[in-house]
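Overview (structure and organization)
Here are the chains, one letter per residue:
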Amino acid sequence: MDRVLALSWQHLSLSVIGVALAAAGGIPLGILLTRYRWLAKPVMAATEVIQTIPSLAMLALLMMLFGLGDTTLVVSLFLYSLLPIVRNTYTGLLGVEPGLLEAGKGMGMTRSQLIWLVQVPIALPVILAGLRVALVTAIGIATIGVLIGAGGLGTLIWRGIQTRNNTMVLMGAVPAALLAILTDAGLALLEQALVPRGLKKKAVSAL
Amino acid sequence: MPWLPWYGEMKQVLSWTEFLAARGSSILSATGEHLLLSLGAVLLGTLIAVPLGILLARHEQVASVVLGISGTIQTIPSLAFFGFVLPFLGIGVVPAMTVLFLYSILPILRNTYTGIREVSPAYLEAGVGMGMNRRQLLTWIQFPLAFPVIMSGIRVSTVYIISWATLSALIGAGGLGDPILAGIHTYDAKLIIAGALPAAMLALLASWSLGLVERAVTPRGLRQR
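Here's what I pulled together on the structure shown here. (Residues numbered from 1 in each chain as written. Chains lettered and ligands numbered in written order. Predicted model: local features only at pLDDT ≥ 70, side-chain atom pairs only at ≥ 80, totals over all residues.)

Turning to the overall build of chain B, a few remarks are in order. Along the backbone of chain B there are eight helices and zero strands. Secondary structure elements in chain B, listed N-terminal to C-terminal, are α-α-α-α-α-α-α-α. A globule of 225 residues ought to have a C-alpha radius of gyration of about 17 Å, yet chain B, at 22 Å, is considerably larger. With respect to the three principal axes, the spread of C-alpha positions in chain B is 85 × 45 × 25 Å. Taken over 225 residues, chain B has a buried fraction of 42%. Residue pairs in contact within chain B that sit at least 24 positions apart in sequence constitute 75% of those at least 6 positions apart. (Helix = DSSP H or I, 4+ residues; strand = E, 2+ residues; numbered from the N terminus. Rg over C-alpha atoms; globule rule 2.2 N^0.38 Å. Buried ≥ 20, exposed ≤ 12 C-beta atoms within 10 Å, placed from the backbone. Contact = placed C-beta atoms within 7 Å.)

Printed below as a string of structure tokens:
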């Protein structure tokens, strides 16, 4: 049982680190894309291509560069989290009603103030939806990290499959599934809670 | 003859040709298996999800429950899911296709449901005014107008399934995951690339070609992108 908890924690941390790195890079990138619109199309195309590459293939290819182990997993989680985060940041920021932007400008806000005081707070649910999708996907991908020597609940599942030990498989699979489901539900609640009172509309997931 | 220009490169090319000569046919058959697995799953998924989505479009409460359940299924990590069906369905193509089929349902179901529901009431009124009954409304107005959205769901589903079908090698169902895994185990870069590259290309090809289909079926008046 402790093993399961330890592995679950490891699983979660790896996923969170990957997504956090992607957020640290992706959210500013998304904001940047609203300023330099012409960059949006190539960046989106690039992240879409990355997204389409099957995860096992990506992990294997990265393994050749970074070796076995957790690092490779985190790098691939970072890459896979980029699309949801960047796209949602970009779409969310652009989705702010122009009227509100004008009001801000009328109050004398500079462009950065507009971004940080008006657009980001309003776009927050959408950005969070992107983070949610990224984290849930990351938890899913982290499950196969075991194949390239990373840790996490995949180790239990994989070893269980190999030794035909169904109990072990379930001891890995059930927590993994729960982790994903609970994270999804939890972040969805957070999304709803963060919508500014004046804008209570359903949080939109851009995926 | 290391003094020959491009000796190193020629050796590389030769070792690749050796590799392809020896392994080429197995890679091809793995690609075929992969395609069959993925397309089969998506086809089954479409056959179930599209009618189901159309049905649900009329019953909102049931719809939210069903969509919720399939949403939850979607969240389950693939390896975990394969693990779940293992005790019941064993290893091989059957459990692999079952899991992939279940995964393919949500995107198609959700898009069908949303697509049908978002047909503007004005069009429906026009149809009713022309004397259409419910089935005619569906066939002539709702379905054609919802088709681009449905197609988009099928595209997302296909790419997703092609991607996760790589894992079916883990439970003995073949596919391009086999060379990738073999390559990982023997730390053989060529094997990995031989599996990873076709897998990636299959996914990209599917995404691109189904994207074209999507755009082709979108009536000109509704083209947004």
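Okay, the nonpolar core next. The nonpolar side chains of soluble globular proteins are, as a tendency, buried together. By size, the foremost hydrophobic cluster in this structure holds 119 residues, and its most contacted members are Ala-57 and Ala-60 of chain A together with Leu-100 of chain B. The greatest single-element share of this core, amounting to 16 residues, is contributed by helix H6 (residues 111–143) of chain A. Ignoring any residue separated from it by four or fewer positions in sequence, one finds Ala-60 of chain A in contact with Ile-148 of chain A together with Ile-180, Gly-183, Ile-184, Ile-192 and Ala-196 of chain B. (Core = buried A, V, L, I, M, F, W, Y, C linked by C-beta atoms within 7 Å.)

Here we take up unusual backbone geometry. Phi at Arg-164 of chain A takes a positive value of approximately 50°, unusual for a residue other than glycine. Mapped onto the elements of the fold, Arg-164 of chain A is located in the loop between helix H7 (154–162) and helix H8 (166–194). In this structure, Tyr-187 of chain B takes a positive phi of about 50° despite not being glycine. For Tyr-187 of chain B, the location among the structural elements is in the loop between helix H7 (177–185) and helix H8 (189–217).

Let us look at helix H2 (residues 60–75) of chain B. Helix length check: H2 of chain B, at 16 residues, gives a terminal C-alpha distance of 22 Å against a target of 22 Å (1.5 Å per residue), a fit within 8%. Turning to H2 of chain B, its buried residues are Val-66, Ser-70, Gln-74 and Thr-75 of chain B. The inward-facing, buried residues of H2 of chain B contact H6 and H8 of chain A together with helix H1 (7–56) and helix H4 (93–117) of chain B. (Expected span 1.5 Å × (residues − 1).)

Here we come to the interface of chain A and chain B. Facing the 32 residues of chain A at the interface are 31 residues of chain B. Contributions of two or more residues to the side of chain A that touches chain B are made by helix H2 (40–52), helix H3 (55–66), H6, H7 and H8 of chain A. Per element, the largest residue contribution to the side of chain A that touches chain B is ten residues, and it comes from H8 of chain A. Within the side of chain A that touches chain B, the residues separate by chemical class into 23 nonpolar, eight polar and one charged. (Nonpolar A, V, L, I, M, F, W, Y, C, P; charged D, E, K, R; others polar.)

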